[in-house]
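# Fold and geometry: a report
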Amino acid sequence: MRVRGKALMDGEDPVIDIGDGLRLPRRVEVKGQDVQGYDVAMSAEFNRDSGRYECRSLMVSAQEGTEVTGEALRSVPVQTVLRMGIEPAVKGFTALNMGPMPEDITEGGPTTRALKWVAYLYRVALIFGESPVRTVALGLGLPKSTAARWVTRARDRGFLTVQDRRGRKKDTA
């Protein structure tokens, strides 16, 4: 499977400020070749409520000698292809937002500077569909429990304005 993505820089406000010091393209285009034997094209748009890119359109094309069936459609790993395409599409944007992370960022505990990096890593992980707390732990070289506490501190201090809502049920009351 080969997947590539690119930022779409047309239309109104092609680059948006999503908070926490991040600016990203509003829309991206993702194309995949030989995805379960099919070619896939999708467009995705950043959703502020979920804090990540969501697929808005999907086209699945059959290769020579095959057809697109319901079974074939169910076999396409949409989120995997989207995640693989989002990274190259927004990598330049995320790299330019904070610059290189200082090696001594965790020295001195959860300082303002460290908590800003916690918020940044959390946001980027959420955008790419990764586990935010795990990404913070790996990125800063902290145990997961410490990373979770630092995420809470970053949120309490106003550096982190989003929360990973995947897997949570909406209140129906």
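### Observations regarding the packing of helix α3 (residues 112-127) against helix α4 (residues 132-140)
Where α3 contacts α4, the axes come no closer than 8 Å and their chain directions differ by 130°. Between α3 and α4, the interaxial angle falls into the category oblique. In the crossing of α3 with α4, the sense of the turn from one axis to the other is right-handed. Contact residues: α3 offers V118, L121, Y122, A125 and L126, while α4 offers P132, V133, T135, V136, G139 and L140. Tallied by class, residues from the contact of α3 with α4 come to 9 nonpolar, 2 polar and no charged.

### Points about the pattern of salt bridges
Enumeration according to the criterion identifies 5 salt bridges in this entry. Where D13 meets R26, a salt bridge forms, and the shortest distance between an N and an O atom there is 3.9 Å. With D13 in the loop between β1 (2-8) and β2 (15-19) and R26 in the loop between β3 (22-25) and β4 (27-35), this residue pair connects regions lying 13 residues apart in the sequence. With a relative accessible area of 23%, R26 lands in the partly exposed category. For D104, the salt bridge identified is with R113, shortest N-O distance 3.1 Å.

### Here's the deal with unusual backbone geometry
Although it is not a glycine, D13 sits at a positive phi angle of roughly 50°. A positive phi angle is found at D34, which is not glycine, with a value near 55°. When you line up the elements, D34 lands in strand β4.

Cut-offs applied
- Residues numbered from 1 in each chain as written.
- Predicted model: local features only at pLDDT ≥ 70, side-chain atom pairs only at ≥ 80, totals over all residues.
- Heavy atoms only, no water.
- Axes fitted to C-alpha atoms, helices over the stretch in contact; angles between N-to-C directions.
- Helix = DSSP H or I, 4+ residues; strand = E, 2+ residues; numbered from the N terminus.
- Parallel < 35°, antiparallel > 145°, perpendicular 65-115°, else oblique.
- Left-handed = near helix turned anticlockwise from the far one by under 90°.
- Contact = heavy atoms within 4.5 Å.
- Nonpolar A, V, L, I, M, F, W, Y, C, P; charged D, E, K, R; others polar.
- Salt bridge = Lys/Arg side-chain N within 4 Å of Asp/Glu carboxyl O.
- Buried < 20%, exposed > 50% of the residue type's maximum accessible area, 1.4 Å probe, protein only.

In short, geometric facts, not functional conclusions.
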